[in-house]
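Spelled out from the first residue to the last, the chains are:
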Amino acid sequence: RDEKSSEEGDPIRTRDVWFTERDDKIALSLKHDGKLYDVQSDFQKVEVYKTQAYGNLLTLDGMVMTSEKDEYVYHEMITHIPTLTHPKPKRALVIGGGDGGTARELLRHDCYDEVVMVEIDDKVIEACKEHLPGIASAFGNPKLNLIVDDGIKYVKEAANGSFDIVIVDSTDPVGPAEGLFTVEFYKEVYRILSDDGIMVTQSESPRFNSKVFREIYQVYRSIFGQDKVHCYLAYIPTYPTGMWSFSYSSKGKAHPLNDFNAEESKAFAKKHGLKYYNEGIHQAAFALPNFVADMIS
Ligand code: AAT
């Protein structure tokens, strides 16, 4: 509790209200100056808190999704790694990603003719447009085709080979995202990827969500092939344990390190003033601590 003395000598208490994301055994708390958005949608409880340390924070069903001050780590890492290792991606699909951060980063690349984003919950989009405008800045971009629908249904109906990059930027495997963690779904993603296509997903915290983490890598490998699936890490302070993983699965020959051009990455990061991604991070992100490598070997 922050306490200061007033001129009269009485303690002045600054606001002392905390948002806490609780799991069985660990919790993460952020002090805030109030709730800016609070709506129960058809799918989940959508809230935005004005936190003191991380700016406005989006939570879904009480779980942290993104915050103004650390969102760049997640959004730069989920987009630039696949885009800069694909020969020339023209069409990308984002499943989820309702805050708009993934679309914003993809659209920094001139190579895309179209980015399709399929978000199930229009309340997430509304909350972010109102309260996290820096993240939601791509919603007006003419290359963005925003569809409010279930991503599972969209993928099932999409044509064979119709996307160069598919990014699964979705919630944890509870609620509307449950079906996004099944073999059937990833088989459909594989089908709609072009021959040299790449799928990237957020693949949870190796430490915190170890069961899901192990299982989804088995699923990806059963579909893309044992040596076609790679894991990379980034550090996201507002997510449980701070260590977050992403998966990179390649349908064709694209390889996250062999097809990486350091000069191109460096120039891209500099041109756009990126805050996390650079040519060194790109390579380092694929170096896994032993306990993580063991979990998926
Ligand atoms: N960009 C980082 C934020 C997210 S939000 C994930 C989004 O996926 C949410 O807006 C949610 O409504 C959407 N979503 C969930 N299920 C579906 C579905 N079936 N189809 C389309 N969109 C869906 C990711 C946070 C990562 C989790 C960190 N713990």
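Look above for the structure.
Residues numbered from 1 in each chain as written. Predicted model: local features only at pLDDT ≥ 70, side-chain atom pairs only at ≥ 80, totals over all residues. Heavy atoms only, no water.

Q: How would you sum up the packing of aromatic side chains? Please name residues and give values.
A: Aromatic rings in a pair are described by how distant their centres are and how their planes are angled relative to each other. The tally for this structure, following the rule as stated, stands at 13 aromatic pairs. Geometrically, the ring pair formed by F19 and Y49 is tilted, given 4.9 Å between the ring centres and 45 degrees between the ring planes. Here Y49 lies in strand β5 (residues 45–51) and F19 lies in strand β3 (residues 17–22), a separation of 30 residues in the sequence. Residue classification places Y49 among the buried residues on the basis of a relative accessible area of 10%. Seen in terms of ring centroids, Y232 and F246 are 5.3 Å apart; in terms of plane orientation they differ by 20 degrees. Their pairing is stacked. Placement of the pair is Y232 in strand β13 (residues 229–235) and F246 in strand β14 (residues 243–250), with a sequence separation of 14 residues. Y232 gets classed as buried once you look at its relative accessible area, which sits at 0%. (Phe/Tyr/Trp six-rings, centres within 6.5 Å; stacked < 30°, edge-to-face > 60°. Helix = DSSP H or I, 4+ residues; strand = E, 2+ residues; numbered from the N terminus. Buried < 20%, exposed > 50% of the residue type's maximum accessible area, 1.4 Å probe, protein only.)

Q: Hey, could you go over a negative patch on the surface for me, with residue numbers and the actual values?
A: A surface patch of like charges, here negative, comprises D42, D122, E126 and E130. Within the fold, E126 resides in helix α3 (residues 122–131). (Patch = residues over 30% accessible without salt bridge, like charges linked within 9 Å, V, L, I, M, F, W, Y side chains within 5 Å. Areas by Shrake-Rupley, 256 points an atom, 1.4 Å probe, with all protein chains shown as cover. Salt bridge = Lys/Arg side-chain N within 4 Å of Asp/Glu carboxyl O. Lys, Arg positive; Asp, Glu negative; His and termini not counted. Charge placed at Lys NZ, Arg CZ, Asp CG, Glu CD.)

Q: I'd like a description of the sheet that holds β5, backed by residues and values.
A: Strand order in the open sheet formed by five strands is β3-β4-β5-β6-β7, with antiparallel pairing between adjacent strands. Single-partner strands in this sheet number two, and they are β3 and β7 (63–67). Ignoring strand direction, the axes of neighbouring strands in this sheet form an average angle of 50 degrees. Contacting β4 (27–40), β5 and β6 (55–60), α3 crosses the sheet at an angle of about 105 degrees to β4. (Pairing = 2+ DSSP bridges. Axes fitted to C-alpha atoms, helices over the stretch in contact; angles between N-to-C directions. Contact = heavy atoms within 4.5 Å.)

Q: Outline the pairing of β6, supporting the account with residue identities and numerical values.
A: For β6, a buried count of six out of six residues is recorded, marking the element as mostly surrounded by other parts of the structure. Summarising the sheet, β5 and β6 pair through six bridges and their orientation is antiparallel. Bridge pairing in β6 links V46 to L60. Turn length for the β5-β6 hairpin, with the two strands adjacent in sequence and antiparallel, is three residues. The pairing of β6 with β7 spans four bridges and is antiparallel. Bridge pairing in β7 places L58 opposite T66. Hairpin connection of β6 to β7: two residues between the antiparallel strands, including D61 at a positive phi of 50 degrees.

Q: Go over the sheet that holds β13 with me, naming the residues and quoting the values.
A: Strand order in this open sheet of seven strands is β10-β9-β8-β11-β12-β14-β13, and the pairing throughout is mixed. Looking at strand neighbours, the two that pair on one side only are β10 (144–148) and β13, the edges of this open sheet. Looking at each pair of strands side by side, their axes are set apart by 15 degrees on average, direction ignored. Note that strand β8 (residues 91–96) and strand β11 (residues 163–169) share five bridges and pair parallel. Each residue of the ladder has a partner; that of I95, found in β11, is V168.

Q: So, unusual backbone geometry: which residues are in play, and what are the values?
A: Phi angles above zero are rare outside glycine, and E204 is one such case at about 70 degrees. Within the element layout of this structure, E204 appears in the loop between β12 (193–202) and α6 (210–224). E204 sits in the buried class, given a relative accessible area of 0%. Even without a glycine there, the phi angle at T241 is positive, about 75 degrees. Secondary-structure assignment places T241 in the loop between β13 and β14.

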